[in-house]
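Architecture and fold: a report
Each chain is listed here by its residues.
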Amino acid sequence: MNGHAEFAGGGTINVVGNTKHAYASDEYTQFKADFGTFNVTSAVSDGIHVEQYLHVLGGAFHVSGVGGDCVDVSITKDPTDVQNGQILIEGGTFDIAVTADDVKGLKCDSAMTVTGGTIKAQVSGLGTKGISTGTDLLIAQTGETPTLIDMQVTGTTYMPGDATLESKCRGIKVKGNFTFDGGTIKISATGAKSKAISVDGIYTYKSGSINCAVDAAN
């Protein structure tokens, strides 16, 4: 899709990507609070691929059977674009299956902010990540909509022993800082060498319920 897209109203959208992404936009995409259901049942590459930013206020998103990332938000060529490379989730529900090797469930090149809604993920591919951010991650609960992150991580290591390609399975991988300020995080990581949450920067806990360890620099 050329230009940005905004989705509102009920109903169901079913998409597949027979040659590449199931859904792609070269500018931002927004799903309004009254949005219905978005289903991706298969794609050669990403399920949902957006440039600039993705803003989700509501709706139900089911993504499975993809060869790339379930949701991928990339930075545009224009550095002045607002919220470039970000994912912002204020409501809605994501139900995603991350099964291909070395891919991500929700991935953005910049920051991710989750202040409401539910993200459920089955993370089973080799070296997969349920959530992956290029910079910082904020998970909080700022309104009446509960925030829930619920993942089962069973994947193991992709290309073990290769210094350039090796990738370990993670529920959440944050390349910057991670702040948790409300809501609930439930992640089980049982795959060999997998971890629930890995943070390259600083982890700051302010409030909320979390049942798993956070591996961080601090």
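Conventions we followed
- Residues numbered from 1 in each chain as written.
- Predicted model: local features only at pLDDT ≥ 70, side-chain atom pairs only at ≥ 80, totals over all residues.
- Heavy atoms only, no water.
- Phe/Tyr/Trp six-rings, centres within 6.5 Å; stacked < 30°, edge-to-face > 60°.
- Helix = DSSP H or I, 4+ residues; strand = E, 2+ residues; numbered from the N terminus.
- Buried < 20%, exposed > 50% of the residue type's maximum accessible area, 1.4 Å probe, protein only.
- Core = buried A, V, L, I, M, F, W, Y, C linked by side-chain atoms within 4.5 Å.
- Contact = heavy atoms within 4.5 Å.
- Pairing = 2+ DSSP bridges.

**A few points about the packing of aromatic side chains**
The full count for this structure, using the stated rule, is 14 aromatic pairs. Seen in terms of ring centroids, F35 and F61 are 5.9 Å apart; in terms of plane orientation they differ by 20°. Their pairing is stacked. Residue F35 is found in the loop between β4 (29-31) and β5 (37-43), and its partner F61 is found in strand β8 (residues 60-63); the two are separated by 26 residues along the sequence. As far as burial versus exposure is concerned, F35 and F61 are alike and both buried. Feature note: the residues F7, Y23, F31, F35, F38, F61 and F94 constitute an aromatic cluster, connected by ring pairs.

**Here we look at the nonpolar core**
Ranked by internal contacts, the top residues of the largest apolar core, which has 53 residues, are I172 and F178. Considering every element that reaches this core, the biggest residue donor is strand β19 (residues 178-189), with four residues. When residues no more than four places from it in sequence are discounted, the contact partners of I172 are I131, L137, I139, I149, M151, I187, A196, I197 and S198.

**What about the environment of V103?**
Mapped onto the secondary structure, V103 falls in the loop between β11 (93-98) and β12 (104-108). V103 sits in the buried class, given a relative accessible area of 7%. Spatially, the C-alpha atom of V103 lies 7.2 Å from that of G127, the residues being 24 residues apart in sequence.

**Thoughts on the pairing of β12**
Counting buried residues along β12, four of its five residues qualify, which places the element largely inside the surrounding structure. Pairing geometry for strand β9 (residues 71-74) and β12, over three bridges, is parallel. By the bridge assignment for β12, D72 is matched with K107. Both β12 and strand β15 (residues 129-133) contribute to a ladder of four bridges, which runs parallel. Pairing of C108 across the sheet is with T133, part of β15.

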